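Descriptive analysis of the structure
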Amino acid sequence: MRLQDLPAALLDLSATHCRRQRAVIDSPQGVEVVVDGRSYVSFASNDYLGLADHPVLVRAAQQGLERWGVGGGSSHLLAGHFSVQQQAEEALAEFVGQPAALLFGSGYAANLAIVSSLLDRGDAVFADRLNHASLNDACRLSRAEFKRFHHNDLAQLERLLAESKARSKLIAVESVYSMDGDEAPLSALLALAERYDAWLYVDDAHGFGVLGDGRGALAEHGLSSPRLIYMATLGKAAGVAGAFISGGTDLVEWLINSARSYIYTTSQPPALACAILASLRLIAEADERRARLRESIETVKSGLSEFKYSVGASRTPIQPLIIGGEEQALALAARLRDQGLWVPAIRPPTVAAGTARLRLSLSAMHQPEHLQRLLSCIQRAAAS
Ligand SMILES: *Cc1c(COP(=O)(O)O)cnc(C)c1O
């Protein structure tokens, strides 16, 4: 892209209904947000348990700032690894039932770390087609052969594994797919990993805090194996920021020594580790929030199934309403916005062409009247 090409490229994005604009939020994250001076009921965040603005987390972060100051100041390997971060790593590992854990500044960085520290030329990664962009970038950056299989297609994955001559193999999946809300068959995937001497890497960005009584997808499915590598982000249900990778102690030690996205970056502000520790305690005690969330999911799923749009097979807080065309999806989102409902339209390239959708993201803090408003507005739009 040359400087003089930028205006036309931007116009082209607008013409194809693919130009992205950021809404400027003027309130804390939550089910009610203020945008441009107007309040909306939001179905847009991944703050599934409503913890992002929880007073206990806010206080933990404030106390952390008093105790530790603001900046991390250095990479973990130089002088930026704080005792409170060490403590958070131990608590995270124990919480998800793994021997060790390593904190990262973001899920994006964690995904880059795993794939490029375990795989090199001559190795292969086997990735679900619906994997998150950060996982795909990670696979491309590593020099390994990048094999993609159709979504949740175990037979195709097995064929690819069987014919592969790669030395080191890694299967990369999400526990809950971020734009469809459906889940990976983790037990069967682990069985394939065992059979073909591969790692199984599970990105649990949307399961942590929600599935397995909050302990995530491995707890939900009762899985444990030295071949399993677990990653969860801490900016979604946990309500804070960052991510962690969890697995065997040798694996974590190897990452500390080889993961460039771990080594060549400044550590998270240490006060965030105080918020993460507080968040873990809240997540462990959030059965009531998870029960309310399950009720909301049921209400929305059964409500949506009566409309002309197609809905996915999701039992998670991510409920897609597949519209098809970009323009139609944007028009429906705009109509809901007029009614005070903030629901993002998701377009290609985030999802496949022809599957533009509204992505409804539910929170334990949504009230029955929020859900009724949403359903009746969609119903009116569907009828017209
Ligand atoms: C959000 C997300 C990430 C990235 O995590 P960040 O902490 O936001 O960088 C990775 N994987 C999946 C599946 C996600 O949804």
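Everything numeric here is computed off the predicted structure, so don't read it as measured data.

**Things to note about the sheet that holds strand S13 (residues 345-346)**
Across the sheet, four strands lie side by side as S10-S11-S14-S13; this open sheet has antiparallel pairing. The open sheet has two edge strands with one neighbour each: strand S10 (310-311) and S13. Of the strand pairs in this sheet, S13 and strand S14 (residues 356-361) are connected by two bridges, and their pairing is antiparallel. Bridging from a neighbouring strand, Ile346 pairs with Arg357 of S14. In this fold helix H12 (residues 287-304) packs onto S10, strand S11 (318-324) and S14, with an angle of close to 20° to the strand it touches most, S11.

**Quick look at the packing of helix H6 (residues 154-163) against helix H7 (residues 186-195)**
Interhelical geometry of H6 versus H7 gives an angle of 10° and a closest axis separation of 11 Å. Considering the angle they form, H6 stands roughly parallel to H7. Contact with H6, carried on its side by Leu154, Leu157, Glu158 and Leu161, involves Ala188, Leu189, Leu192 and Arg195 of H7 and no other residues of that element. When its residues are assigned to classes, the contact of H6 with H7 shows six nonpolar, no polar and two charged.

**A word on the UniProt feature "domain: Aminotransferase class I/classII large" (unreviewed entry) in the chain**
Listed under "domain: Aminotransferase class I/classII large" (unreviewed entry) in the UniProt record, and renumbered for this structure, are residues 40-376. Helix makes up 42% of residues 40-376 and strand 18%, with an end-to-end C-alpha separation of 16 Å.

**Remarks on the sheet that holds strand S3 (residues 100-104)**
The strand order S3-S9-S8-S7-S6-S4-S5 describes an open sheet built from seven strands, whose pairing is mixed. Either end of the sheet is taken by a strand with one partner, and the two such strands are S3 and strand S5 (145-149). Here the strands of the sheet are splayed against their neighbours by 20° on average, with no regard to which way each runs. Sheet topology note: the strand S6 (residues 169-174)/strand S7 (residues 198-203) ladder contains six bridges and is parallel. What sits directly across from Ile171, in S7, is Leu200.

**A word on the site of the ligand**
In the neighbourhood of the ligand, 14 residues make up the surrounding shell, with Gly107, Tyr108, Asp203, His206 and Lys236 lying closest. In this structure, a nitrogen atom belonging to the ligand sits 2.6 Å away from a side-chain N or O atom of Asp203. Relative to its unbound accessible surface of 380 Å², the ligand loses 82% to contact with the protein. Looking at the shell around the ligand, the element that brings in the most residues is helix H4 (residues 107-118), giving three residues. The residue makeup of the shell around the ligand, split by class, is two nonpolar, nine polar and three charged.

**Thoughts on unusual backbone geometry**
Residue Pro349 follows Pro348 across a cis peptide bond; omega there is 5°. Considering the arrangement of structural elements, one finds Pro349 in the loop between S13 and S14. One non-glycine residue, His17, lies in the positive phi region at around 60°. Tracing the chain through its elements places His17 in the loop between helix H1 (6-15) and strand S1 (32-35).

**Notes on the layout of surface pockets**
Where empty space is left can be seen by rolling a probe of water-molecule size over the atoms. Taken as a whole, the largest pocket holds about 1500 Å³ of empty space. In this structure, the largest pocket is lined by 47 residues; those nearest its centre are Arg20, Pro344, Ala345, Ile346 and Thr350. Within the residue set of the lining of the largest pocket, elements represented by two or more residues are S1, helix H5 (133-141), helix H13 (326-338), S13 and S14. Counting residues per element, the lining of the largest pocket draws most heavily on H13, which supplies four residues.

**With respect to the nonpolar core**
Phe43, Leu92, Ile171, Val173, Leu200, Phe208 and Phe244 are the most contacted members of the largest nonpolar core, which has 89 residues in total. A per-element tally of this core places helix H11 (residues 270-284) first, with nine residues. Structurally, this core is a two-domain feature, drawing no fewer than three residues from each of domain 1 (22-49 + 287-383) and domain 2 (55-284). Not counting residues within four places of it along the chain, the set of residues in contact with Leu200 comprises Ile171, Val173, Leu186, Leu189, Leu190, Ala193, Arg227, Leu228 and Ile229. Of all hydrophobic cores here, the second largest spans 29 residues; its members include Ala127, Leu170, Ile229 and Tyr262.

**What about the UniProt feature "modified residue: N6-(pyridoxal phosphate)lysine" (unreviewed entry) in the chain?**
Under the present numbering, the feature "modified residue: N6-(pyridoxal phosphate)lysine" (unreviewed entry) in UniProt falls on Lys236. Following the sequence through the fold, Lys236 ends up in the loop between strand S8 (228-233) and strand S9 (243-247). Assessed through its relative accessible area of 18%, Lys236 is described here as buried. Leaving out residues up to four positions away in the same chain, Lys236 has contacts with Asn46, Asp47, Ala205 and His206.

**So, the domain arrangement of the chain**
By the assigned domains, the chain splits into domain 1 (22-49 + 287-383) and domain 2 (55-284). On the domain 2 side, the residues contacting the 19 residues of domain 1 number 20 residues. With both chains or domains summed, domain 1 and domain 2 bury close to 1500 Å², and 55% of this area falls on carbon and sulfur atoms. Remark: the boundary between domain 1 and domain 2 carries three salt bridges. The residue Arg357 makes a salt bridge to Asp180 at a minimum N-O spacing of 3.1 Å. At the boundary of domain 1 with domain 2, the tally comes to twelve residue pairs in polar contact (both at pLDDT 80 or more). Taken together, the elements giving at least two residues each to the side of domain 1 that touches domain 2 come down to H12, S11 and S14. No other element matches the three residues that H12 contributes to the side of domain 1 that touches domain 2. Taken together, the residues that form the side of domain 1 that touches domain 2 break down as nine nonpolar, four polar and six charged.

Definitions and cut-offs
Counting from 1, residues in each chain are numbered in the order their sequence is written. For a predicted model such as this one, the threshold for reporting local features is a pLDDT of at least 70, and the threshold for listing and counting side-chain atom pairs is 80 or more; totals across whole chains, interfaces and linings nevertheless cover every residue. For side-chain calculations, the full set of non-hydrogen atoms in the structure is used, while hydrogens and water are omitted. Any two strands with at least two DSSP-identified bridges between them are counted as paired. A run of H or I in DSSP counts as a helix once it spans at least four residues, and a run of E counts as a strand once it spans at least two, with each numbered from the N terminus. Throughout, a residue-residue contact means that at least one pair of heavy atoms, one from each residue, lies within 4.5 Å. Between N-to-C directions, angles span 0 to 180 degrees; the directions come from axes that are lines fitted to C-alpha atoms, helices contributing only their stretch in contact. An angle below 35 degrees is treated as roughly parallel, one above 145 as roughly antiparallel, one from 65 to 115 as roughly perpendicular, and anything else as oblique. Gly falls in the polar group here, along with every residue not listed as nonpolar (Ala, Val, Leu, Ile, Met, Phe, Trp, Tyr, Cys, Pro) or charged (Asp, Glu, Lys, Arg). UniProt positions are given in the numbering used here, feature names are shortened, and annotations may be inferred rather than shown by experiment. In these notes, residues near a molecule or strand are those with any non-hydrogen atom within 4 Å of it. Pairs of N or O atoms are called polar contacts if they sit within 3.5 Å, as long as, within protein, a hydrogen donor faces a hydrogen acceptor (for residues adjacent in sequence, only side-chain-to-side-chain pairs). Accessible surface is estimated by sampling points in the Shrake-Rupley manner with a 1.4 Å probe; for residues, cover comes only from the protein chains shown. Definitions used for this entry: grid spacing 1 Å over protein atoms alone; cavity, a set of points where a 1.4 Å probe fits but cannot get out; pocket, an open set with protein on both sides within 12 Å along at least 5 of 7 lines; lining residue, one with an atom within 4 Å of a point. Grid points are joined across faces, edges and corners, and a volume is the space filled by probe spheres set on the points. The nonpolar core is taken to be a set of buried Ala, Val, Leu, Ile, Met, Phe, Trp, Tyr and Cys residues, with the residues joined through side-chain atoms within 4.5 Å. Only protein chains enter the calculation, and the probe is 1.4 Å; a residue is then buried if its accessible area is under 20% of its type maximum, exposed if over 50%, and partly exposed in between. What fixes the domain bounds is an automatic or database domain assignment. Buried area: the sum, over both parts, of the accessible surface (1.4 Å probe) that disappears when the two are put together. Salt bridge, as used here, is a side-chain nitrogen of Lys or Arg placed within 4 Å of a carboxyl oxygen of Asp or Glu.

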